[in-house]
Amino acid sequence: MIQVAKFEKVSLTEYAKSAPAESYENIRLPRRATKGSAGYDFFAPFAFTAAPGETVKIPTGVRAKIDEGWVLSIYPRSSLGFKYRLTLNNTVGIIDSDYYGAENEGHIFIKMTNCGNIPLKVEAGGAFAQGIFTPYGITYDDDAATLRTGGLGSTDKK
């Protein structure tokens, strides 16, 4: 297997800007459940619920140091999508390698909507999303030279 990334916690200071500081110690770094798993499960640092039609934004407390040429794609866990029609609000979360150095420390947020008709309850420590690392290519005439400074959604603000 090719190793291309490392998960880390964001600082307590950064985490506390968007989540209860007392849940910082509950942050679990993403893990694969089995040797054959492609996805790394993301775990809830605190319990949350999503009623049918409700949207929730989860600050994971996690950042990913990713080698250049790779991307981390975030999806709902298959079982939750199947049981609750849980969807990510951006359909697929894309974590670029340079997001790690952003002003928000590369803090990964996951925003989801329960599109089903059954209330979703996730306990603290429960897996709710998964991330998969994939390589990507660029065009021969690519001339991107700008460095990221901002966090989520910052690359289109030039």
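First things first, this report covers the structure right here in the doc. (Residues numbered from 1 in each chain as written. Predicted model: local features only at pLDDT ≥ 70, side-chain atom pairs only at ≥ 80, totals over all residues. Heavy atoms only, no water.)

1. Thoughts on the overall build of the chain
Moving on, step 1. Of regular secondary structure, the chain possesses two helices and eleven strands.
Moving on, step 2. Mapped from its N terminus to its C terminus, the chain presents α and β elements in the order β-α-β-β-β-β-β-α-β-β-β-β-β.
Moving on, step 3. Computed over its C-alpha atoms, the radius of gyration of the chain comes to 16 Å, within 12% of the 15 Å expected for a compact globule of 158 residues.
Moving on, step 4. Overall size of the chain, expressed as C-alpha extent along the three principal axes, is 50 × 35 × 30 Å. (Helix = DSSP H or I, 4+ residues; strand = E, 2+ residues; numbered from the N terminus. Rg over C-alpha atoms; globule rule 2.2 N^0.38 Å.)

2. A look at the sheet that holds strand β4 (residues 55-59)
Moving on, step 1. Strand order in the open sheet formed by three strands is β4-β9-β7, and the pairing between neighbours is antiparallel. Each having just a single partner strand, β4 and β7 (86-88) make up the two edges of the open sheet. Strand after strand, the sheet turns through a mean of 30° between neighbouring axes, direction not considered.
Moving on, step 2. Where β7 meets strand β9 (residues 109-114), three bridges bridge the pair, whose relative direction is antiparallel. Its bridge partner being in β9, Thr-87 is matched across the sheet by Thr-113. (Pairing = 2+ DSSP bridges. Axes fitted to C-alpha atoms, helices over the stretch in contact; angles between N-to-C directions.)

3. Let's talk about the nonpolar core
The tendency in soluble globular proteins is for nonpolar side chains to be buried side by side.
Moving on, step 1. If you look at the biggest cluster of nonpolar residues, it comprises 35 residues, and the most contacted ones within it are Phe-42, Phe-48, Leu-72, Ile-108, Ile-110, Met-112 and Phe-128.
Moving on, step 2. Setting aside anything within four residues of it in sequence, one finds Leu-72 in contact with Phe-7, Phe-42, Ala-64, Ile-66, Gly-93, Ile-94, Ile-95, Ile-108, Gly-131, Ile-132 and Phe-133. (Core = buried A, V, L, I, M, F, W, Y, C linked by side-chain atoms within 4.5 Å. Buried < 20%, exposed > 50% of the residue type's maximum accessible area, 1.4 Å probe, protein only. Contact = heavy atoms within 4.5 Å.)

4. Considerations on the side chain of Asn-104
Moving on, step 1. Tracing the sequence through the fold places Asn-104 in the loop between β8 (93-95) and β9.
Moving on, step 2. Judged by relative accessible area, which is 12%, Asn-104 ranks as buried.
Moving on, step 3. Within polar-contact distance, the side chain of Asn-104 engages the side chain of Tyr-99 at 2.9 Å.
Moving on, step 4. Engagement of the side chain of Asn-104 in a polar contact is seen with the backbone nitrogen of Gly-106, the distance being 3.0 Å. (Polar contact = N/O pair within 3.5 Å; in protein donor to acceptor, adjacent residues only side chain to side chain.)

5. Considering the sheet that holds strand β11 (residues 127-135)
Moving on, step 1. Here we have four strands laid out as an open sheet, ordered β2-β11-β6-β8, and antiparallel in their pairing. This sheet does not close on itself; its edge strands, each paired only once, are β2 (40-43) and β8. Across the sheet, the mean angle separating the axes of adjacent strands is 30° when strand polarity is ignored.
Moving on, step 2. Where β2 lies against β11, four bridges are found, and the strand directions are antiparallel. Counterpart to Phe-43 in the pairing with β11 is Ala-127.

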